[in-house]
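Take a look at the letters that make up each chain.
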Amino acid sequence: MNAALIISTYKRPDALELVLKSVEMQSTPPRQVIISDDGSGPNTKLLIDSWKRRLPITHVWQRDAEFRAARVRNLAILRAKCEYLVTVDGDCILPPDFIRNHLALADRQKVVVGGRALLSEVDTETVIKSKKFETKGTSIFKGSKFFTLPLGPLRALQPKNWELARTCNMGFFQADVLGVGGFDERYVGWGFEDSDLMVRLIRSGITLKSGRFSVCVAHLYHPEAPRFRNSVNAPKFDELLNSESTQLPGRSCLSTNV
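To start, this report covers the structure provided alongside it.

Scoring rules and cut-offs
- Residues numbered from 1 in each chain as written.
- Predicted model: local features only at pLDDT ≥ 70, side-chain atom pairs only at ≥ 80, totals over all residues.
- Heavy atoms only, no water.
- Pairing = 2+ DSSP bridges.
- Helix = DSSP H or I, 4+ residues; strand = E, 2+ residues; numbered from the N terminus.
- Salt bridge = Lys/Arg side-chain N within 4 Å of Asp/Glu carboxyl O.
- Buried < 20%, exposed > 50% of the residue type's maximum accessible area, 1.4 Å probe, protein only.
- Phe/Tyr/Trp six-rings, centres within 6.5 Å; stacked < 30°, edge-to-face > 60°.
- Lys NZ or Arg CZ within 6 Å of the ring centre and 35° of its normal.
- Contact = heavy atoms within 4.5 Å.
- Core = buried A, V, L, I, M, F, W, Y, C linked by side-chain atoms within 4.5 Å.
- Axes fitted to C-alpha atoms, helices over the stretch in contact; angles between N-to-C directions.

### Describing the sheet that holds strand S7 (residues 115-118)
Then comes step 1: Ordered in space as S5-S12-S7, the three strands form an open sheet in which the pairing is mixed. Either end of the sheet is taken by a strand with one partner, and the two such strands are strand S5 (92-93) and S7.
Then comes step 2: Relative to strand S12 (residues 216-219), S5 runs antiparallel, the two sharing two bridges. Following the sheet pairing, Ile-93 is matched in S12 by Ala-218.

Below you can see the structure in the form of structure tokens.
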């Protein structure tokens, strides 16, 4: 089985360059690299174009109109040519066996939930300036979160805990997400679009599988995202929690036009 890797990005080409470099170093490379771009400018496009000679990149872009991660992720999912998808953020650096380990954990009707190790602001500056995956002579993948352990049945201990899942590191079958209509594009601004998807997936019979001690990413530092739309998104998510819905209201929110 092959995987398509979806990388979400927004106006941070310096971080994206490092992520693409880590993709190039994968022991099992993804068959397709889809860059899910929520309205970045020409600098990001120039970077992506320069990498198309080295990686099988598909650039999915939408115009910049506030934070619309749900919509552009849907566009990326529709462009995927593989049945299994792995999602990361454009500031998450992948250890060399990341894709291989995700594929090893892949299971029908399961979402693999990976983790992240947060780099400090100082270490992030060091990595970006040097373009090397080390600080003070030590690999950024040397922490305990990057240990590889089998765990076996322990990976299924919290199969319905939607709070564990984040799109900065997740693996799933394309058909499962399409089956519940994709991300709800009514979520605009920071927050809850990934939780909404997880709740609907779980209600449809999909369960969560822990990727702890197998698939972890090194997350570059950045200031917290503005959460001024939280008051708008939270009631929308509460409405879902108080219902029994698995599908989006009305038609599927999967878009076909940029």
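Now that the structure has been shown, the text picks up again.
### What about unusual backbone geometry?
Then comes step 1: Even without glycine at this site, Leu-151 takes up a positive phi of about 65°.
Then comes step 2: Mapped onto the elements of the fold, Leu-151 is located in the loop between strand S9 (138-139) and strand S10 (169-173).
Then comes step 3: If you check the backbone angles, Phe-213 has positive phi at about 55° while not being a glycine.

### Thoughts on the pattern of salt bridges
Then comes step 1: Taken as a whole and assessed by the stated rule, the structure comprises 15 salt bridges.
Then comes step 2: Note that Lys-11 is salt-bridged to Asp-64, the shortest N-O span being 3.1 Å. Residue Lys-11 is found in the loop between strand S1 (3-9) and helix H1 (13-24), and its partner Asp-64 is found in the loop between strand S3 (57-61) and helix H3 (69-79); the two are separated by 53 residues along the sequence.
Then comes step 3: Its relative accessible area of 47% is what places Lys-11 among the partly exposed residues.

### As for the packing of aromatic side chains
Then comes step 1: Counting across every chain of the model gives five aromatic pairs.
Then comes step 2: Centre to centre, the rings of Phe-192 and Phe-237 are 5.3 Å apart; their planes meet at 25°, and the pair counts as stacked. Of this pair, Phe-192 sits in the loop between helix H6 (174-179) and helix H7 (193-203) while Phe-237 sits in helix H8 (residues 230-241), and the two are 45 residues apart along the sequence.
Then comes step 3: You can call Phe-192 partly exposed: its relative accessible area is 24%.
Then comes step 4: Assessed through its relative accessible area of 2%, Phe-237 is described here as buried.
Then comes step 5: Members of the aromatic cluster, each reached through a chain of ring pairs, are Phe-133, Phe-141 and Phe-146.
Then comes step 6: Across from the ring centre of Tyr-187, 5.3 Å away, lies the NZ or CZ of Lys-236, which sits over that ring.

### Observations regarding H3
Then comes step 1: Across the eleven residues that make up H3, a large majority, nine, are buried.
Then comes step 2: Buried within H3 we find Ala-69, Ala-70, Arg-71, Val-72, Arg-73, Asn-74, Leu-75, Ala-76 and Ile-77.
Then comes step 3: Buried positions along H3 lie against S1, strand S2 (32-37), S3, strand S4 (84-89), H6 and H7.

### Points about the nonpolar core
Then comes step 1: Counting residues in hydrophobic clusters, the biggest one holds 29 residues, and the most contacted among them are Leu-5, Ile-7, Leu-20, Val-23, Ile-57, Tyr-84 and Phe-98.
Then comes step 2: Each residue touching Tyr-84, except ones within four places of it in the same chain, is listed here: Met-1, Asn-2, Ala-3, Ala-4, His-102, Leu-103, Ala-106, Val-112, Gly-171, Phe-172 and Phe-173.
Then comes step 3: Within the second largest apolar cluster, 26 residues are counted, among which are Ile-6, Val-72, Leu-75 and Leu-201.

### Concerning the sheet that holds S4
Then comes step 1: One open sheet holds the seven strands; their spatial order is S3-S2-S1-S4-S10-S6-S11, and the pairing between them is mixed. Pairing within the sheet leaves two strands with one partner each, and these edge strands are S3 and strand S11 (207-210). Sheet twist, expressed as the mean angle between neighbouring strand axes with direction ignored, is 20°.
Then comes step 2: Pairing geometry for strand S6 (residues 110-113) and S10, over two bridges, is antiparallel. The partner of Val-113 across the bridge, within S10, is Met-170.
Then comes step 3: Each of S1, S2 and S3 is contacted by helix H2 (residues 42-51), which is oriented at about 160° to S3, the strand it contacts most.
Then comes step 4: Packing of H3 onto the sheet brings it into contact with S1, S2, S3 and S4, and relative to S2 it is tilted by some 160°.

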